[in-house]
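# Results of the structural survey
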Amino acid sequence: MMVIVVENAPPRLRGRLAVWLLEIRAGVYVGRYGKRTRERIWEQVVTGIGDGNGVIAWSAPNDAGFAFETCGTNRRIPSDFDGFTLVSFLPQTPRESG
């Protein structure tokens, strides 16, 4: 299973994702595909995200049981800690702290 979440995505990309995946909430898409199809769908997201951002998570045979990738600008960034991927946060900008 895989989940893709996009924020501030262009309508063209959202429409393309809706062809392949079920949109269960605004910007949240789920589906079940193999590795090759998942990579092609993610390639479409990375190419078409524009000023937005996105994350994909999928089932994987690792300690966590899943893996994920991100694209675009977001405060949350993946960080590798001894082979285990966690999420770290960039510092807040003055505009975000108010």
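Please refer to the structure placed before this passage.
Residues numbered from 1 in each chain as written. Predicted model: local features only at pLDDT ≥ 70, side-chain atom pairs only at ≥ 80, totals over all residues. Heavy atoms only, no water.

A few words now on the layout of surface pockets. Approximately 260 Å³ is the volume attributed to the largest pocket. Together, 15 residues line the largest pocket, and Asn-53, Val-55, Thr-70, Asn-74 and Arg-76 are the ones closest to its centre. Elements supplying a minimum of two residues to the lining of the largest pocket: strand E1 (2–7), strand E4 (53–59), strand E5 (66–72) and strand E6 (76–81). For the lining of the largest pocket, the leading source of residues is E5, giving 4 residues. Of the residues in the lining of the largest pocket, the class split is 8 nonpolar, 5 polar and 2 charged. (1 Å grid on protein atoms, 1.4 Å probe; cavity = no way out; pocket = protein on both sides within 12 Å on 5 of 7 lines; lining within 4 Å. Points joined across faces, edges and corners; volume = space filled by probe spheres on them. Helix = DSSP H or I, 4+ residues; strand = E, 2+ residues; numbered from the N terminus. Nonpolar A, V, L, I, M, F, W, Y, C, P; charged D, E, K, R; others polar.)

The next point concerns the environment of Tyr-33. With respect to the helices and strands, Tyr-33 occurs in the loop between strand E3 (28–31) and helix H2 (35–48). Taking the C-alpha atoms as reference points, Tyr-33 and Met-2, 31 residues apart in sequence, are found 7.5 Å from one another. Excluding its chain neighbours within four sequence positions, the residues that come into contact with Tyr-33 are Met-2, Trp-20, Leu-21, Arg-38 and Ile-41. There is a polar contact of 2.7 Å between the side chain of Tyr-33 and the backbone oxygen of Trp-20. (Contact = heavy atoms within 4.5 Å. Polar contact = N/O pair within 3.5 Å; in protein donor to acceptor, adjacent residues only side chain to side chain.)

Bringing the packing of helix H1 (residues 11–20) against H2 into the picture now. The N-to-C vectors of H1 and H2 enclose an angle of 170 degrees; their axes lie 10 Å apart at closest approach. Considered as vectors, H1 and H2 are oriented roughly antiparallel to each other. Residue-level inspection shows Leu-13, Arg-16, Leu-17 and Trp-20 of H1 in contact with H2, the latter providing Thr-37, Ile-41, Gln-44, Val-45 and Gly-48. (Axes fitted to C-alpha atoms, helices over the stretch in contact; angles between N-to-C directions. Parallel < 35°, antiparallel > 145°, perpendicular 65-115°, else oblique.)

Tallied over the full model, the rule gives 1 salt bridge. Its salt-bridge partner being Glu-23, residue Arg-14 comes within 2.6 Å of it at the nearest N-O pair. Accessibility expressed as a relative area gives 31% for Arg-14, which makes it partly exposed. A relative accessible area of 33% places Glu-23 in the partly exposed class. (Salt bridge = Lys/Arg side-chain N within 4 Å of Asp/Glu carboxyl O. Buried < 20%, exposed > 50% of the residue type's maximum accessible area, 1.4 Å probe, protein only.)

What follows is about the nonpolar core. Across soluble globular proteins, you tend to see nonpolar side chains buried next to one another. Ranked by size, the top nonpolar core spans 17 residues in total, and within it Met-2, Ile-4, Val-6, Leu-17, Leu-21, Val-45 and Ile-49 carry the most contacts. Elements with a minimum of two residues in this core: E1, H1, H2, E4 and E5. If sequence neighbours within four positions are ignored, Leu-17 has contacts with Ile-4, Val-6, Tyr-29, Ile-41 and Val-45. (Core = buried A, V, L, I, M, F, W, Y, C linked by side-chain atoms within 4.5 Å.)

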